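# Residue-level structural notes
So you can see what is in the structure, the chains are spelled out below.
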Amino acid sequence: MAAQTLFEKIWNDHVVRAEPDGTTLLYIDRHLVHEVTSPQAFEGLTVAGRAPRRPAAALAVPDHNVPTTDRRIAIADPISAKQIQTLDDNCRTFGITLFGMNDIRQGVVHVIGPEQGFTLPGMTIVCGDSHTSTHGAFGALAFGIGTSEVEHVLATQCLVQKRPKTMEVRVEGQLSPRCSAKDVILAIIGKIGTAGGTGYVIEYTGSAIRALSMEGRMTLCNMSIEGGARAGMVAPDDITFAYIKGRPMAPKGALWDQAVASWRQLTTDAGAKYDAVVELRAETIAPQVTWGTSPGMVTGVDGTVPDPRSMGDEKLRQATERAIEYMALTPGMPIRDIKIDKVFIGSCTNSRIEDLRLAASFAKGKKVAGSVHAMVVPGSGLVKQQAEQEGLDRIFKESGFEWREAGCSMCLAMNADVLQPGERCASTSNRNFEGRQGAGGRTHLVSPAMAVAAAIEGHFVDIRQWS
Amino acid sequence: MDAFTTLTGSVAPLDRLNVDTDQIIPKQFLKTIKRTGLREGLFYDWRRRKDGSQDPEFFLNQPRYQEASILLTRDNFGCGSSREHAPWALLDQGFRCILAPSFADIFYNNCFQNGILPVVLKGSEIQALFEGVAAHAGYRLTIDLAAQQVTTPEGTAYHFDIDPFRKDCLYRGLDAIGLTLQQAPQIAQYEQRRRSQAPWLFQDVK
Ligand code: SF4
């Protein structure tokens, strides 16, 4: 057989039927469901009198709307409360497993899937959420869908798809000390642009990627969508298998051995061709900070805010001017001079235990600057529990960080955690769009280490030199 | 879903790059459990000035674009979040067709699920249309899906490409789920074969 890429192997394994024009009925192994993008899908099923084909292939969790303060108190916002209640009701009616708001396993949908061993190599995984790309870190084909497709998957366990193109993003070499997967993905987006991956599935390869932990690979794949790619993936290896082994929903015993033997085939064959290839050297990647209102508006912490006048393309110049104005910065200003008001450590990009351990190691024994309000929101109830067992919560609290319950929180500010107009935030999340963290709020995307250092100094600092 | 055959309507221009779905419809409107009534949230923040009052300059606040059914915009429209609330809100405002040099994947796909036709034209063609709209009040275009053509008042016709399957579903207003359900026997066969090859994929989630 011809040499195949990782993507092609998984795709081919899931073709139920392919039409001559390439339209493919693709089988979906697993489906994650959350409260915001599912109510209309369940309503659609009800109206059409349809039942889910395999309710036991789905897992539901409320995350976007949940408060991150005391859960024993009723949710103050009645509309949020209703949406969460609707998810509860739908799961009961349609027989779908739900990790409810007071379940210790509750958390951000893309944190709990891997945590439970729900996410496995070689699978097709979808969710009504664009950051479903996160699960590609396990060598799965995982992508976000809209609500109509949520309904489609519930009813048929399939999706009608056209085969996307493939892009290899190869990162060779060794990252500088204290640089992380977040810096790698921001640098990649800076290079390819926010639409550079449109129409592609990205496979991340190279020695710098292989050296990443599973948490790091998840951070990387998570933000594939910010580069325009619906899915990103990393071939599974021993690091992957060690992470999965023993998790509640992972295969056990003989089934585990059979699964691992099969997963070892999930690599891109020598000689297989990608439709596009992008290469980066790990050593050249500085800690990244976004300065604008799109994730591609990013530079190293040692850089400056760009000057729109130096840009030839008129549309790009206008977009840059607008972004700089919205962000209240000035062209040529050093990134290190940007002062911040808030710090948010959390989101499906950077709220796993490794992220929190790292953040705590930088926060230990230091104090958050008086002018800064900083909060840490763990990705799941289990991450929170683990962090507390390790005493990380005490380190954060002693340093002046707030320590919250799990959820999406200020990543999109759909609950009560919101930036005020004009406030500037260093955030470990994934989107710096206008108003994303609150109308008029200004977001700078950074790694957890950079966020902690900014909280303590009150402005951005180069984490490589920070003591 | 409503079928889309031909549409003749006026054009509203949104001259910005990379319009993300957070701008099309901000988060506070995502708490709904319905698909309808989202017009109020469409470009909610961009419609307003800093003091909260309506900005008369914003294109959707201008009387001449109130009846527009065609949205003209720039590259990478609909990037970001997968929220289908974005096409729902555009539809609620009356848009049935969006013209741009490129779209983000998930948004593009979501349009077809809701009877909206996203049309990709060349950058130079989009530029010419922006100039046409600026020069003539009540600038109208005719979109012919069967012929895959956009025709201007001056009689210029621009061809666009579209996937044949998507075209057919939209043209006939087909229920996509109903179509897939017709293939239930093939799906069952696939499941049986896969279950024997990779049984761990069929462990119940619980
Ligand atoms: S943490 Fe943010 S990006 Fe991730 S699922 Fe929640 S809202 Fe979306």
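Our structure is the block above this text.
Here's what I pulled together on the structure shown here. (Residues numbered from 1 in each chain as written. Chains lettered and ligands numbered in written order. Predicted model: local features only at pLDDT ≥ 70, side-chain atom pairs only at ≥ 80, totals over all residues. Heavy atoms only, no water.)

This next bit is on the overall build of chain B. The helix and strand inventory of chain B stands at seven helices and seven strands. Tracing chain B from N to C terminus, the helices and strands come up as β-α-β-α-β-α-β-α-β-β-β-α-α-α. Summarising its shape, the C-alpha atoms of chain B cover approximately 65 × 45 × 25 Å along the three principal directions. Residue burial in chain B is summarised as follows: out of 206 residues, 55% are buried. In chain B, of all internal contacts separated by at least 6 residues, the share reaching a separation of at least 24 is 65%. Within the structure as shown, chain B displays about 8,600 Å² of accessible surface, and the carbon and sulfur contribution to it stands at 48%. A distance of 5 Å separates the average location of the 23 positive side-chain charges in chain B from that of its 24 negative side-chain charges. (Helix = DSSP H or I, 4+ residues; strand = E, 2+ residues; numbered from the N terminus. Buried < 20%, exposed > 50% of the residue type's maximum accessible area, 1.4 Å probe, protein only. Contact = heavy atoms within 4.5 Å. Areas by Shrake-Rupley, 256 points an atom, 1.4 Å probe, with all protein chains shown as cover. Lys, Arg positive; Asp, Glu negative; His and termini not counted. Charge placed at Lys NZ, Arg CZ, Asp CG, Glu CD.)

By the secondary structure assignment, leucine 181 of chain B is in helix α6 (residues 176-181). We classify leucine 181 of chain B as partly exposed; its relative accessible area is 33%. The contact partners of leucine 181 of chain B, leaving out residues within four places of it in the chain, are Arg50, Ala155 and Thr156 of chain A.

Another aspect to go through is the sheet that holds strand β18 (residues 424-427) of chain A. Residue and element names in this part refer to chain A. If you walk across this open sheet you meet the five strands as β17-β16-β15-β18-β19, and the pairing is parallel. At either end of the open sheet lies a strand with only one pairing partner, and these are β17 (401-403) and β19 (442-445). The mean angle between the axes of side-by-side strands here comes to 25°, regardless of whether they run parallel or antiparallel. Pairing of β18 with β19 involves four bridges; the strand directions are parallel. Within β19, the residue paired with serine 427 across the bridge is leucine 445. (Pairing = 2+ DSSP bridges. Axes fitted to C-alpha atoms, helices over the stretch in contact; angles between N-to-C directions.)

Our next topic: the site of the ligand. Residue and element names in this part refer to chain A. Taken together, His64, Val108, His110, Asp129, His131, Ser347, Cys348, Cys408, Cys411, Leu412, Asn430 and Arg436 make up all the residues around the ligand. With respect to the pocket detection grid, the ligand is positioned in the largest cavity. The class makeup of the residues in the shell around the ligand is five nonpolar, five polar and two charged. (Near = heavy atom within 4 Å. 1 Å grid on protein atoms, 1.4 Å probe; cavity = no way out; pocket = protein on both sides within 12 Å on 5 of 7 lines; lining within 4 Å. Sits in = over half its atoms within 2 Å of the grid points. Nonpolar A, V, L, I, M, F, W, Y, C, P; charged D, E, K, R; others polar.)

Time to look at helix α3 (residues 78-94) of chain A. An α-helical segment advances 3.6 residues per turn. Residues three or four places apart therefore align on the same side. Residue and element names in this part refer to chain A. Here α3 is 17 residues long and its end C-alpha atoms lie 24 Å apart, about the 24 Å a rise of 1.5 Å per residue gives. Taken together, the buried positions of α3 are Ser80, Gln83, Ile84, Thr86, Leu87, Asn90, Cys91 and Phe94. Along the long axis of α3, the arc covered by the buried residues comes to 150°, so they all point the same way. More than 90 degrees from the buried face of α3, the exposed residues found are Pro78, Arg92 and Thr93. Looking at the buried residues of α3, the elements they touch are β3 (30-33), α2 (39-48), β4 (58-60) and β5 (97-98). Immediately beyond the C-terminal end of α3, within one or two residues, lies glycine 95, with a positive phi of roughly 75°. (Expected span 1.5 Å × (residues − 1). Arc of directions from axis to C-beta.)

Burial of nonpolar side chains together is a common tendency in soluble globular proteins. With 109 residues, the main nonpolar core has Phe401 of chain A together with Phe43, Leu99 and Ile143 of chain B as its most contacted residues. Setting aside its immediate chain neighbours within four residues, phenylalanine 43 of chain B contacts Leu14, Val19, Gln23, Ile24, Phe58, Phe59, Leu60 and Leu90 of chain B. Phe7, Phe42, Val171 and Met233 of chain A belong to the second-largest nonpolar core, a separate cluster that totals 97 residues. (Core = buried A, V, L, I, M, F, W, Y, C linked by side-chain atoms within 4.5 Å.)

What follows is about the packing of aromatic side chains. What the rule picks out here adds up to 21 aromatic pairs over all chains. Ring centres of phenylalanine 7 of chain A and tryptophan 11 of chain A lie 5.7 Å apart, and the angle between their planes is 40°; on these two criteria the pair is classed as tilted. Taken as a pair, phenylalanine 7 of chain A and tryptophan 11 of chain A lie in helix α1 (residues 6-13) at a separation of four residues, close to a single helical turn. On the basis of relative accessibility, which here comes to 4%, the residue tryptophan 11 of chain A falls in the buried class. Between tryptophan 263 of chain A and tryptophan 200 of chain B, the aromatic rings sit 6.3 Å apart at their centres with planes inclined by 85°, giving edge-to-face as the arrangement. You can see tryptophan 263 of chain A sitting in helix α10 (residues 253-263) and its partner tryptophan 200 of chain B sitting in the segment after α7 (184-197), one on each of two chains. Judged on exposure class, the residue tryptophan 263 of chain A and its partner tryptophan 200 of chain B are both buried. These aromatic residues form a ring-pair network of at least three members: Phe77, Phe103, Phe107, Tyr108 and Phe112 of chain B. (Phe/Tyr/Trp six-rings, centres within 6.5 Å; stacked < 30°, edge-to-face > 60°.)

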